[in-house]
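Descriptive structure summary
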Amino acid sequence: MADTPLERIPRDRLPEEFHLAWDTLNRLTGEPAFVEAFALNPPMLDFVMNRFYAGIFFGGNVDQRYKQLARLKLSQLHG
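Here's a quick rundown of the structure. Here the structure is a predicted model, which is why all the values come from computation and not from measurement. (Residues numbered from 1 in each chain as written. Predicted model: local features only at pLDDT ≥ 70, side-chain atom pairs only at ≥ 80, totals over all residues. Heavy atoms only, no water.)

1. Looking at the layout of surface pockets
Size it by volume and the largest pocket reaches roughly 460 Å³. In terms of lining residues, the largest pocket is bounded by 19 residues, among which Ala 21, Thr 24, Leu 25, Met 49 and Tyr 53 are the most central. Where the lining of the largest pocket is concerned, the elements lending two or more residues are helix H1 (19-29), helix H2 (33-38) and helix H3 (42-57). Of the residues contributing to the lining of the largest pocket, the split by class is 12 nonpolar, 3 polar and 4 charged. (1 Å grid on protein atoms, 1.4 Å probe; cavity = no way out; pocket = protein on both sides within 12 Å on 5 of 7 lines; lining within 4 Å. Points joined across faces, edges and corners; volume = space filled by probe spheres on them. Helix = DSSP H or I, 4+ residues; strand = E, 2+ residues; numbered from the N terminus. Nonpolar A, V, L, I, M, F, W, Y, C, P; charged D, E, K, R; others polar.)

This is the structure we're talking about:
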């Protein structure tokens, strides 16, 4: 479990609508803390998962490799 000061909701207490996001993140990274913490604010988690990642980051007309490069640069800038 990631060390975070944020309160988290474990998967067995998450609303069913967030189970797929938890399972996917856990499979990809081995750490679903993002979903567990954001589940405290369901509208925000819905926005991040369904509007940002699905709609903007994985959708749209810009090639995925350029989005990944921008994401890498942002992570370097923010440490």
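2. Brief notes about the nonpolar core
Within soluble globular proteins, side chains that are nonpolar generally end up buried alongside one another. Counting residues in hydrophobic clusters, the biggest one holds 8 residues: Ile 9, Leu 14, Phe 18, Ala 21, Trp 22, Val 35, Ala 39 and Leu 45. In this view, Leu 45 contacts Phe 18, Phe 34, Val 35, Phe 38 and Ala 39; residues no more than four positions away in its chain are not counted. (Core = buried A, V, L, I, M, F, W, Y, C linked by side-chain atoms within 4.5 Å. Buried < 20%, exposed > 50% of the residue type's maximum accessible area, 1.4 Å probe, protein only. Contact = heavy atoms within 4.5 Å.)

3. Examining the pattern of salt bridges
Charged atoms that come close allow side chains of opposite charge to pair. Scanning the model with the defined rule gives 4 salt bridges in all. The closest approach of N and O atoms between Asp 23 and Arg 11, which form a salt bridge, is 2.7 Å. With a gap of 12 residues between them, Asp 23 in helix H1 and Arg 11 in the segment before H1 connect regions that are remote in the sequence. Looking at Asp 23, the relative accessible area reads 30%, which means it is partly exposed. Among the ionic contacts, a cluster of salt bridges with common partners joins Arg 8, Glu 31 and Glu 36. (Salt bridge = Lys/Arg side-chain N within 4 Å of Asp/Glu carboxyl O.)

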